[in-house]
Amino acid sequence: MDFNIHKFSDKLYTWIIQKGPSFIFGILVLFIGLWLIKILSRWLTSRMHQKEIDPSLKPFLLNLVIVVLRVLLVLGVMQIIGIQMTVFAALIGAMGVALGLALSGTLQNFASGVIILLLKPFAVGDNIIASGIEGTVTSIQIFYTIVTTFDNRTVIYPNSKLSNEVIVNISRIGSRRLDIELKFMNSIDFGTVKQLINKVIDENKDMLKKPERRIGISSIETDGYKVSISVWVKSHGFMDTKFAFQEKLIADIKDAGLKLPGM
C-alpha cells in the first residue's frame, strides 16, 4: 500500500512539474479570454446601436460572434494544456454533419433571413407581392417573415422562399401609378372629357403633381373611343385613393351630362 502511494505521489509530482505550468497558463488564458470577450461584447453592442443595425439582427450577430470566440478560446486552451484534439475534432465534425443534414431546411431559412435583414429588399411596413399574395410586411424574423394581407389574413413565409423568388415591393419608391380606362361615344367632345378629368384630379389631395399625369385617347372604335388616365398617387392607401377617385369621376361625368356606354 505504501509502495502504491509512493508511486502515485511520484507520478503526481512528475505531472505537476511537466504539465502544471501549461495547465495554470491555460486556465489563466481562459479567464483573460472570457474577460476580453465580455468587453468586446459591450463594444459590439454599442457599435451596432450607432450603426442602426436592424433590431432583429442585433442579438443574432452578437450571439454568433460570442459563441465563435468562446469555442475558439476553449479549443486554444485545450491545445495549451495538451489535450489531444484528434478524437474531439472528429466528434465535432460528425455532429456538424448530422445536424447539417437534419436541419438543412432550417439552416437555409436562417441564412436567407440574414440576407434579407442585411440587404433589405423590403422592410417592415412595406407593401409587397409574393407568391401572388399582396400585403404589408409586419415582421421579419431570422427564420420567417410575416405578411398581413389587406383582408386581414396572416401569411407566414419561410425566408428561403422570399430570398429565392421574385418579390414586388410596391411601396419602396413611395408612389404608384393609377391607370383607368373609360369609353365615350363619338358624339362627346374629348376636350370636354379631358377638362373634367383634370378637374377631378386637381380636387383630389391624394393625387401627386409629379410625375406628370397622362390623359389621352388610347383607342378608337366604330362606336366610340377609349380614354386612358394615368396619374401618380401615394403607395400607402392606393386602393382607397383609387376607389374615391373613380367614385368622384363617375359622379362628375353624370353631373356634366356625359354618358358612358350602358349608362
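Our structure is the block above this text.
Residues numbered from 1 in each chain as written. Predicted model: local features only at pLDDT ≥ 70, side-chain atom pairs only at ≥ 80, totals over all residues. Heavy atoms only, no water.

Participant: Would you take a moment to explain the pattern of salt bridges for this structure?
Facilitator: Once their charged atoms are close, side chains differing in charge can pair, the charge on each being opposite to the other. Under the definition given, this model contains 15 salt bridges. Measuring nitrogen to oxygen at the nearest pair gives 3.7 Å for the salt bridge that ties Glu 134 to Arg 176. Taken together, the positions of Glu 134 in strand β2 (residues 133-140) and Arg 176 in strand β6 (residues 175-184) put the pair 42 residues apart, joining distant regions of the chain. Judged by relative accessible area, Glu 134 falls into the partly exposed class, the value being 27%. Sharing partners across several salt bridges, the network here consists of Lys 183, Glu 221, Asp 223 and Lys 226. (Salt bridge = Lys/Arg side-chain N within 4 Å of Asp/Glu carboxyl O. Helix = DSSP H or I, 4+ residues; strand = E, 2+ residues; numbered from the N terminus. Buried < 20%, exposed > 50% of the residue type's maximum accessible area, 1.4 Å probe, protein only.)

Participant: So what exactly am I meant to see when it comes to helix α7 (residues 238-255) here?
Facilitator: Residues that lie three or four places apart on an α-helix share one face, since the helix turns once every 3.6 residues. With 18 residues, α7 extends 26 Å between its outermost C-alpha atoms, agreeing within 8% with the 26 Å of an ideal straight helix rising 1.5 Å per residue. Among all positions of α7, only Phe 238, Thr 241, Phe 245, Leu 249, Asp 252 and Ile 253 are buried. Angular distribution of buried residues about the axis of α7 spans 100 degrees; they occupy a single face of the element. Seen from the open side of α7, the exposed residues pointing more than 90 degrees away from its buried face are Asp 240, Glu 247, Lys 254 and Asp 255. Among the structural elements, β6, α6 (190-203) and β8 (224-234) are those in contact with the buried residues of α7. Just downstream of α7 lies Gly 257, where phi reads positive at about 80 degrees. (Expected span 1.5 Å × (residues − 1). Arc of directions from axis to C-beta. Contact = heavy atoms within 4.5 Å.)

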